[in-house]
Amino acid sequence: MIPTAERIESNRSYSAIVAVVLAILCIAPTWVFAKSLTTRLVTTGVALLIAWWVYRFGTRIMRRRAAMMSEPIPPQWRAIFQERVAFFGRLSDEEKDRFCRMVQIFLTEKPINPVRCEIDETVRLLVAASAVIPVFSLPDFEYNMLGEILIYPNTFDATVQQDARGPLMASGMVGTQGTFGGLMVLSKRDLLRGFEVHGDKHNVGIHEFAHLLDKADGTVDGIPPLPADCVGPWQDVVRDELARQFDDNSDIPDYGFTNHQEFFAVVSEYFFESPKKLAEKHPELYALLKRVYVQNPRKRFRGLAKGILRFARRRTGRNSPCPCGSGKKYKKCCLK
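From a predicted model like this one, the values you see are computed outputs, not experimental measurements.

## Concerning the packing of helix H4 (residues 75-84) against helix H6 (residues 93-109)
Here comes step 1: H6 packs onto H4 with a crossing angle of 105 degrees between their chain directions and a minimal axis gap of 11 Å. When the interaxial angle is binned, H4 and H6 end up roughly perpendicular. Within the contact between the two elements, H4 uses Trp-77, Arg-78, Phe-81 and Gln-82 and H6 uses Asp-93, Lys-96, Asp-97, Phe-99, Cys-100, Val-103, Gln-104 and Leu-107.
Here comes step 2: Looking at side-chain class alone, the contact of H4 with H6 contains 6 nonpolar, 2 polar and 4 charged residues.

## Some words on unusual backbone geometry
Here comes step 1: In the Ramachandran plot, Arg-116 falls in the positive-phi region, its phi being about 55 degrees despite a non-glycine side chain.
Here comes step 2: Mapped onto the secondary structure, Arg-116 falls in the loop between strand E1 (112-114) and helix H7 (121-135).
Here comes step 3: With a phi angle near 75 degrees, Lys-201 is a residue other than glycine that sits in the positive phi range.
Here comes step 4: Tracing the sequence through the fold places Lys-201 in the loop between helix H8 (188-194) and helix H9 (204-214).

## Quick look at the sheet that holds strand E5 (residues 172-174)
Here comes step 1: The 4 strands lie next to each other as E1-E2-E6-E5, forming an open sheet whose pairing is mixed. Of all strands in the sheet, those bounded by a partner on one side alone are E1 and E5. Put simply, the sheet's adjacent strands are angled 20 degrees from each other on average, direction ignored.
Here comes step 2: Relative to strand E6 (residues 183-187), E5 runs antiparallel, the two being bridged by 3 bridges. Residue pairing for E6: Gly-172 is matched across the bridge by Leu-186.
Here comes step 3: Helix-sheet contacts for H7 involve E1, strand E2 (148-152) and E6, and the interaxial angle to E2 is about 130 degrees.

Calculation rules
Residues numbered from 1 in each chain as written. Predicted model: local features only at pLDDT ≥ 70, side-chain atom pairs only at ≥ 80, totals over all residues. Heavy atoms only, no water. Axes fitted to C-alpha atoms, helices over the stretch in contact; angles between N-to-C directions. Helix = DSSP H or I, 4+ residues; strand = E, 2+ residues; numbered from the N terminus. Parallel < 35°, antiparallel > 145°, perpendicular 65-115°, else oblique. Contact = heavy atoms within 4.5 Å. Nonpolar A, V, L, I, M, F, W, Y, C, P; charged D, E, K, R; others polar. Pairing = 2+ DSSP bridges.

That is the geometry; function is a separate question.
Okay, structure coming up:
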């Protein structure tokens, strides 16, 4: 997502090769078969113009992003992230700059529109943070399959998921094919709640963007992008975890047992929201998710900092799950 020198050069090279090959394919037949020099020259000129347009079109995104990198980051962004996004608070200064740049690119390229509600800068920034957190260490990942994000005031009728019990009320949904392909819908209320408490295993924004990461190989099947040698172990771990549901012996949220796709999205929330607990209770699953996201949030959140504790105290109720991830109520844990 970030236009590094290597990515810019690679993009230029690829676009140039495509443009040159296209020009040759257009020019060569004309010089072989056309008898008129005028026809040859006109065709050559047109082919070169087309090749130039193809090159410019192929490099347009990287050129726009590179230009964007020279623009200052609004100072209020850091303040909002520092107050509301625990993940951001645990980054180094250099990483915070990169996080903000990724947010800047996301907000420029992905429209976020309200439906029957109003949204402010904070809502837009939290949507972008939900997108950036999972791919923070995946510099080449792009949300190419995402076209637009709609924000509803509360849970909404997910008609496309209606079953025999009637319409399902959802806090988030992402369309992966058909009419809803490229569309994400989020509940404003639940999006904000997802960032209020760090450690409760729930973040609807991360959940929905995990589905898009799942689709990186072309299908949403619950098998995330993993090295080939990890796909088998992933399937084994998921099978074992799904079997534990029937023993009523799993602390993974119930919605994760709906199917393999939802399992991956739910444990992704768990991975970023309560990494210490996930690593302790599900070490194999945690190790595989580290390979997926190329991150170790348990290490990042080791030793909850005072700033995070202040963040938690402002936004955590006495009877809420403790933000440290212990599983206890806040009043019986860190509040003491």
